[in-house]
Amino acid sequence: MALRTIRLEGDPVLYKTSRPVKEMTPRLRELIVDMLDTMYEASGVGLAAPQVGILKRIVTIDVGDGPIVLVNPEIVESSGEQVGDEGCLSVPGMAGQVTRPNYVKVKALDIHMDEVEYEGEGLLARAFCHELDHLEGKMYTDLVEGELHQVNYDEEEEEE
Ligand code: NI
């Protein structure tokens, strides 16, 4: 297991636009495996490549239904609205209220560069939006309504 260092809020790499993946290479496959390991180790539900310092359009997500790898993802449909707390591994221990669509359909490539499509509602829709924003250099903290607040992760886990 190779863990990568998660870059924290304020690190310039988090505010840059990531580049599309043109071809899958052994190095990028290793990056994806490392991103999954790093995400699980940090108990996160999503991680974007810029968060480990790599400006490539790659995202990993797992909201509890198994790992999702998105290469060059695009939101092709969204609807509805959800208001709820959101957090980010680059802003540890904090959360804030963000409004997102309640349904999101994403088109992407998988680790084999085959086309995939995912539909997400609720937390998965939120994760798609949040992680894809990272690829544009956008942090959720800019979308927070009201104030960021501290989170007790243990309590949150018990609620789920
Ligand atoms: Ni994040």
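Rules and cut-offs
Residues numbered from 1 in each chain as written. Predicted model: local features only at pLDDT ≥ 70, side-chain atom pairs only at ≥ 80, totals over all residues. Heavy atoms only, no water. Donors = N, O, S within 2.8 Å, 3.2 Å for Na, K, Ca; no water. Buried < 20%, exposed > 50% of the residue type's maximum accessible area, 1.4 Å probe, protein only. Pairing = 2+ DSSP bridges. Helix = DSSP H or I, 4+ residues; strand = E, 2+ residues; numbered from the N terminus. Axes fitted to C-alpha atoms, helices over the stretch in contact; angles between N-to-C directions. Contact = heavy atoms within 4.5 Å. Salt bridge = Lys/Arg side-chain N within 4 Å of Asp/Glu carboxyl O.

Would you explain the coordination of the nickel ion in this entry?
Tetrahedral coordination by four donors places them ideally at 109.5 degrees to one another around the metal; octahedral coordination by six donors ideally gives 90 or 180 degrees. Surrounding the nickel ion are the protein donor atoms Cys88 (SG), His130 (NE2) and His134 (NE2), which sit 2.0 to 2.2 Å from the metal. Taking the relative accessible area as the measure of exposure, Cys88 reaches 6% and is therefore buried.

Sorry, what's going on with the sheet that holds strand β6 (residues 103-109) here?
Two modes of strand pairing occur in sheets, parallel and antiparallel, and in both the strands are linked by backbone hydrogen bonds. With respect to topology, five strands assemble into an open sheet ordered β1-β2-β3-β6-β7, the strand pairing being antiparallel. Each edge of the open sheet carries a strand with a single partner, namely β1 (46-48) and β7 (115-121). Along the sheet, successive strands turn relative to each other by an average axial angle of 35°, direction set aside. Pairing of β6 with β7, which is carried by seven bridges, proceeds in the antiparallel orientation. By the bridge assignment for β7, Lys105 is matched with Glu119. Helix α1 (residues 26-41) contacts β1, β2 (58-61) and β3 (68-79) of the sheet and is inclined by roughly 35° relative to β2.

Even after reading the chapter, I still don't get the pairing of strand β4 (residues 82-88), so can you show me in this structure?
In summary, the side chains of a regular strand alternate between the two faces of the sheet. Here six bridges tie β4 to strand β5 (residues 91-100), and the two strands are oriented antiparallel to one another. Residue pairing for β5: Cys88 is matched across the bridge by Val91.

What am I meant to see in the pattern of salt bridges here?
When the charged atoms of two side chains with opposite charge come close together, those side chains can pair. Using the criterion set out here, one finds eight salt bridges in the structure. A salt bridge links Arg57 to Glu136; the nearest nitrogen and oxygen atoms lie 2.4 Å apart. Remark: Glu136 occurs in the loop between α2 (123-135) and β8 (145-150) and Arg57 occurs in the loop between β1 and β2; sequence separation between them is 79 residues. Take Glu136: its relative accessible area is 34%, and that puts it in the partly exposed class. Arg100 is the partner of Asp133 in a salt bridge, and the nearest nitrogen-oxygen pair spans 3.0 Å. Of this pair, Asp133 sits in helix α2 while Arg100 sits in strand β5, placing them 33 residues apart in sequence.

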